[in-house]
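# Summary of structural features
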Amino acid sequence: MQVHQHPISTEHASVAYQLSSFHFGVPAAGSRSGKKVYIQAALHADEVPGMLVSQFLRRELLALEAAGKLHGEVILVPAANPIGLAQAIHGAPFGRFDLSTGINFNRAYRHVADELKTTLAGKLGQDANANVALIRSHARGAIAAWQPRTDAETLKKTLLAMAIDADIVLDLHCDNEAALHIYTGTPLAARIAPLSALLGARALLLELAAGEEPFDEACSRVWWDLDAHFQGAYPIPMACLSTTVELRGEVEVSYALAERDAHALLRFLAIEGVLELDGAHEALPAPLCEPTPLAGVEPILAPHAGVLVYLREMGEVLAAGDALADLIDPVSGATTTLRCSVAGVFFARSAHRHVLRGMNVGKVAGAIAYRGGSLLSQ
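Here's what I pulled together on the structure shown here.

Rules behind the numbers
- Residues numbered from 1 in each chain as written.
- Predicted model: local features only at pLDDT ≥ 70, side-chain atom pairs only at ≥ 80, totals over all residues.
- Heavy atoms only, no water.
- Helix = DSSP H or I, 4+ residues; strand = E, 2+ residues; numbered from the N terminus.
- Rg over C-alpha atoms; globule rule 2.2 N^0.38 Å.
- Buried < 20%, exposed > 50% of the residue type's maximum accessible area, 1.4 Å probe, protein only.
- Contact = heavy atoms within 4.5 Å.
- Areas by Shrake-Rupley, 256 points an atom, 1.4 Å probe, with all protein chains shown as cover.
- Salt bridge = Lys/Arg side-chain N within 4 Å of Asp/Glu carboxyl O.
- Axes fitted to C-alpha atoms, helices over the stretch in contact; angles between N-to-C directions.
- Parallel < 35°, antiparallel > 145°, perpendicular 65-115°, else oblique.
- Left-handed = near helix turned anticlockwise from the far one by under 90°.
- Nonpolar A, V, L, I, M, F, W, Y, C, P; charged D, E, K, R; others polar.
- 1 Å grid on protein atoms, 1.4 Å probe; cavity = no way out; pocket = protein on both sides within 12 Å on 5 of 7 lines; lining within 4 Å.
- Points joined across faces, edges and corners; volume = space filled by probe spheres on them.
- Pairing = 2+ DSSP bridges.
- Expected span 1.5 Å × (residues − 1).

## Structural notes on the overall build of the protein chain
Of regular secondary structure, the protein chain possesses 8 helices and 20 strands. In terms of overall size, the protein chain behaves like a compact globule, its C-alpha atoms giving a radius of gyration of 21 Å where 378 residues would be expected to give roughly 21 Å. Taken over the C-alpha atoms alone, the protein chain extends approximately 70 × 50 × 45 Å along its principal axes. Classification of the 378 residues of the protein chain by burial places 51% in the buried group. The contacts of the protein chain with a sequence gap of at least 6 include a subset with a gap of at least 24, amounting to 70%. Total accessible area on the protein chain is roughly 16,100 Å²; 56% of this is exposed by carbon and sulfur atoms.

Below, the structure is given as structure tokens:
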């Protein structure tokens, strides 16, 4: 294992942020044998479960590397947001947005496909492997040329530089309160299915472009965007399997869950040929959900302020019109029952029990796409 320290802040800054990454199975200079995997946790720094999962991953990856059972390169970033980890408001951790700019730490990553459409013109051929290598080289160059203007942009460049040429990218998050669920690109649905089954995901949400350039899409969408741009003239495989894994809710932090999740991730990497793991190729558990479009998710918004009482549990399958919560005016006692308008899985909700008008209090994963525009919650 190699440990790399990445400075984030400029010289003479009033604060100095540093990012740590752990590199297993590092190939010899100029060579690449086996797949490259990039795993990061807590890009939203107040989302803790992935940081604990990373401790189990590091332990197991060290053992696998020592035993000669690691057949690719794995980069692990257990705390991907040192800026957010240093933020608090009145004693409460606040790692979702950069307090200096208000920008979500999982938005506005550089989408290199736009410039690669130009730089690759006339250079691709009929050898798919050669095209993959060329695209990765150009993508690395595009990220290297990025000139950050803030510490947050420097952090984003540093993370993306490690992940942009990876075969597999696992971005570990969590929701406010949620059943485990997964986001990935529509072309990756079949390849992500084993991970969904292993983790016991209750929703697998697919989209070509969710909007606002989140990290996972910055790594994977370049491939289908370039394939569409060149209209099939050259073989361009979907060479990056990138996904955002939402490890339940913010307070679901336990050794038992973390160890179980880490084992599922490692078993998936074994299926992908990255490492050897006992029992990796036994029959997969039955999936707990079918893939559904991200554009089919219905956000349930509070129509007024009040006390929130949930009537259904996360992971339950609802019919259109089913009640999922009551919202009670604490002064008058008037109660509004909140219902979903689509059939689907109730997979996420708010941890707050008094909410204001317009707040998102639930998400239901429906099977039919009906929304457009930016599809991710802020």
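## Structural notes on the pattern of salt bridges
Side chains carrying opposite charge are able to pair once their charged atoms draw close together. The full count for this structure, using the stated rule, is 20 salt bridges. Salt-bridge contacts for K363 lead to D175; the nearest nitrogen and oxygen are separated by 3.2 Å. You can see K363 sitting in strand β20 (residues 360-366) and its partner D175 sitting in strand β7 (residues 168-175), a full 188 residues away along the chain. In terms of burial, K363 and D175 fall into one category: buried. For the salt bridge of R312 with D322, the shortest nitrogen-to-oxygen distance reads 3.6 Å. Of this pair, R312 sits in the loop between β14 (306-310) and β15 (317-318) while D322 sits in the loop between β15 and β16 (323-328), and the two are 10 residues apart along the sequence. One network of salt bridges, with partners in common, ties together E213, E217, R221 and D225.

## Things to note about the packing of helix α6 (residues 189-199) against helix α8 (residues 255-271)
Across the interface, α6 lies against α8 with an axial gap of 9 Å and an inter-helix angle of 150 degrees. Taken together, α6 and α8 sit at an angle that is classed as roughly antiparallel. Pair α6 / α8 crosses with right-handed handedness. Contacts between α6 and α8 involve R191, P194, L195, L198 and L199 from the former and D261, A264, L265, R267, F268 and I271 from the latter. Across the contact of α6 with α8, the residue classes break down as 8 nonpolar, no polar and 3 charged.

## Points about empty space enclosed by the protein
In total, this model carries 2 cavities of 30 Å³ or more according to the counting rule given. The space that makes up the largest cavity amounts to roughly 50 Å³. Lining the largest cavity are P49, L52, V53, L247, R248, E252, V253, S254, L257, A258 and D261. Secondary structure elements with two or more residues in the lining of the largest cavity: α1 (49-66), β11 (241-249) and α8. Considered class by class, the residues forming the lining of the largest cavity number 7 nonpolar, 1 polar and 3 charged. In this structure, the second largest cavity occupies an estimated 40 Å³ of space.

## Observations regarding the sheet that holds strand β17 (residues 335-339)
A sheet is described by the order of its strands in space; here 4 strands give the open sequence β17-β16-β14-β19, paired in antiparallel fashion. This sheet does not close on itself; its edge strands, each paired only once, are β17 and β19 (354-355). In this sheet, β19 lies alongside β14 in antiparallel orientation, the contact comprising 2 bridges. Bridge pairing links V307 to H354 in β19.

## As for helix α5 (residues 151-163)
The end-to-end C-alpha distance of α5 is 19 Å, a good match for the 18 Å that 13 residues give at a rise of 1.5 Å each. Of all the 13 residues making up α5, 10 are buried; the element is thus mostly covered by neighbouring parts of the structure. Those residues of α5 lying buried are A152, E153, T154, L155, K156, T158, L159, L160, M162 and A163.

## Some remarks on the sheet that holds strand β2 (residues 18-24)
Strand order in the open sheet formed by 9 strands is β1-β2-β4-β3-β7-β11-β9-β10-β12, and the pairing between neighbours is mixed. Every other strand in the sheet has two partners, leaving β1 (2-7) and β12 (291-293) as the edge strands with one partner each. Taken pair by pair, the neighbouring strands of this sheet meet at an average axis angle of 25 degrees, ignoring direction. For β7 and β11, the ladder comprises 7 bridges, and the chain directions are parallel. Within β11, the residue paired with I168 across the bridge is L241.

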